[in-house]
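# Close look at the chain arrangement
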Amino acid sequence: GQQVMQIPQYQHVQEGEDFTTYCNSSTTLSNIQWYKQRPGGHPVFLIQLVKSGEVKKQKRLTFQFGEAKKNSSLHITATQTTDVGTYFCARTSGGSNYKLTFGKGTLLTVNP
Amino acid sequence: NAGVMQNPRHLVRRRGQEARLRCSPMKGHSHVYWYRQLPEEGLKFMVYLQKENIIDESGMPKERFSAEFPKEGPSILRIQQVVRGDSAAYFCASSPSQGYTGELFFGEGSRLTVL
C-alpha cells in the first residue's frame, strides 16, 4: 500500500563512523521527506526530495532519491554525538503534504 | 518567533477520564494537523483542521476522539474515556495554506500517559 519501510530499525556506531538509513516503497513516491527526532523531542524537518535521482547535501548529511522514485537514503559522514536520534522518512498521500505516512524510523546511537 | 505551541507537555490520566490537548499554530498559519506517535513507532496522521472546519479526519478513531479549531483560540484534541492504549505522544503541526507542499512544523508534543 502506501507504507514506507525503513532499515535498519536501530544502528549503534562509534563516534566518527559513518551511518546510513534506507527508506523503501513498493509504489512510486511523488516526493520524500526526512525528519529527525531527538530522544524525548519532536520531529524536525531535514529535507524534501522531489526529483528522480536527486542528491542533496547538508554539511555531513547526504540525501538521495532513487532513479525510480521508490527509495531514498540518508547518509551521515563521521557521526557526532549530536547526531543521536531517530531518523524518519515520510511520504505524502494525495496532492498535499499534510497527510504524511511515516516510516518506523531508524534510531541512531553514537558512542563517544 | 513562536513556533507551534502545545500544552500540556505531559498529561497523566486514569482510565475513563478525559484528556484535552491544545495546539496554537505558528503565527500566520491557519492550518493545523494532529499526529499520534505510539512508543517506538512513526507518527500517524489523525486530523486536518482549518478555522472552524474539519477538512480531513480520516485518521481519527471513530469513537472517543474529537478535534476542533475554533475561530478564536487554540485547536483542541479531545479524548473521552481514555484507555491505556491512548498512551502516546500527540504532535500538532501547522502550515500557512492549503495545498502547501513544504515542510510541516511540529510542536513539541503532548505526552499522554493513561494509568
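The text that follows walks through the structure, step by step, so that each part is easy to find. (Residues numbered from 1 in each chain as written. Chains lettered and ligands numbered in written order. Predicted model: local features only at pLDDT ≥ 70, side-chain atom pairs only at ≥ 80, totals over all residues. Heavy atoms only, no water.)

With that settled, consider the overall build of chain A. When its secondary structure is counted, chain A shows zero helices and eleven strands. Counting from the amino terminus, helix and strand elements in chain A follow one another as β-β-β-β-β-β-β-β-β-β-β. For chain A, the C-alpha radius of gyration of 13 Å lies close to 13 Å, the compact-globule estimate for 112 residues. When its C-alpha atoms are laid out on the principal axes, chain A stretches across 40 × 30 × 20 Å. Every one of the 112 residues in chain A was classed for burial, and the buried ones make up 48%. Sequence-distant contacts in chain A: of pairs separated by 6 or more residues, those separated by 24 or more amount to 55%. (Helix = DSSP H or I, 4+ residues; strand = E, 2+ residues; numbered from the N terminus. Rg over C-alpha atoms; globule rule 2.2 N^0.38 Å. Buried < 20%, exposed > 50% of the residue type's maximum accessible area, 1.4 Å probe, protein only. Contact = heavy atoms within 4.5 Å.)

Residues and elements named next belong to chain B. Burial analysis of strand β9 (residues 88–95) places eight of its eight residues in the buried class, which makes it a mostly covered element. Looking at chain direction, β9 and strand β11 (residues 110–114) are connected through three bridges and run antiparallel. Across the sheet, residue A89 finds its bridge partner in β11, namely R111. Here two bridges tie β9 to strand β10 (residues 105–106), and the two strands are oriented antiparallel to one another. If you follow S94 over to β10, its bridge partner there is F105. (Pairing = 2+ DSSP bridges.)

A separate point is the interface of chain A and chain B. The interface of chain A with chain B comprises 19 residues on the first partner and 22 residues on the second. Note on chain A versus chain B: buried area summed over both sides is about 1700 Å², and carbon and sulfur give 52% of it. The largest contributions to the chain A side of the interface with chain B come from H42(A), Y98(A) and F102(A), which together make up 33% of the buried area. The tally of links between chain A and chain B comes to two salt bridges. Put simply, K104(A) and E41(B) hold a salt bridge, and the shortest N to O gap is 3.7 Å. Secondary-structure elements contributing two or more residues to the side of chain A that touches chain B are β4 (32–37), β5 (43–49) and β10 (96–102) of chain A. Looking at side-chain class alone, the side of chain A that touches chain B contains eight nonpolar, nine polar and two charged residues. (Buried area = accessible area lost by both parts, 1.4 Å probe. Salt bridge = Lys/Arg side-chain N within 4 Å of Asp/Glu carboxyl O. Nonpolar A, V, L, I, M, F, W, Y, C, P; charged D, E, K, R; others polar.)

Counted according to the given criterion, the structure contains two disulfides over all chains. Covalent S-S linkage joins C23(A) and C89(A), the inter-sulfur distance amounting to 2.0 Å. In this structure, the disulfide formed by C23(A) and C89(A) twists by about 75 degrees around the S-S bond and is classed as right-handed. On the criterion of sequence distance, the pair formed by C23(A) in strand β3 (residues 19–24) and C89(A) in strand β9 (residues 85–93) is long-range, its members being 66 residues apart. For the pair C23(A) and C89(A), a shared accessibility class is recorded, and that class is buried. Disulfide pairing places C23(B) opposite C92(B) at an S-S distance of 1.8 Å. Residues C23(B) and C92(B) are joined through a disulfide that is left-handed, its torsion about the S-S bond being -55 degrees. Of the two residues, C23(B) sits in strand β3 (residues 19–24) while C92(B) sits in strand β9, which places them 69 residues apart along the sequence. Assigned by exposure class, C23(B) and C92(B) land together as buried. (Disulfide = S-S within 2.5 Å.)

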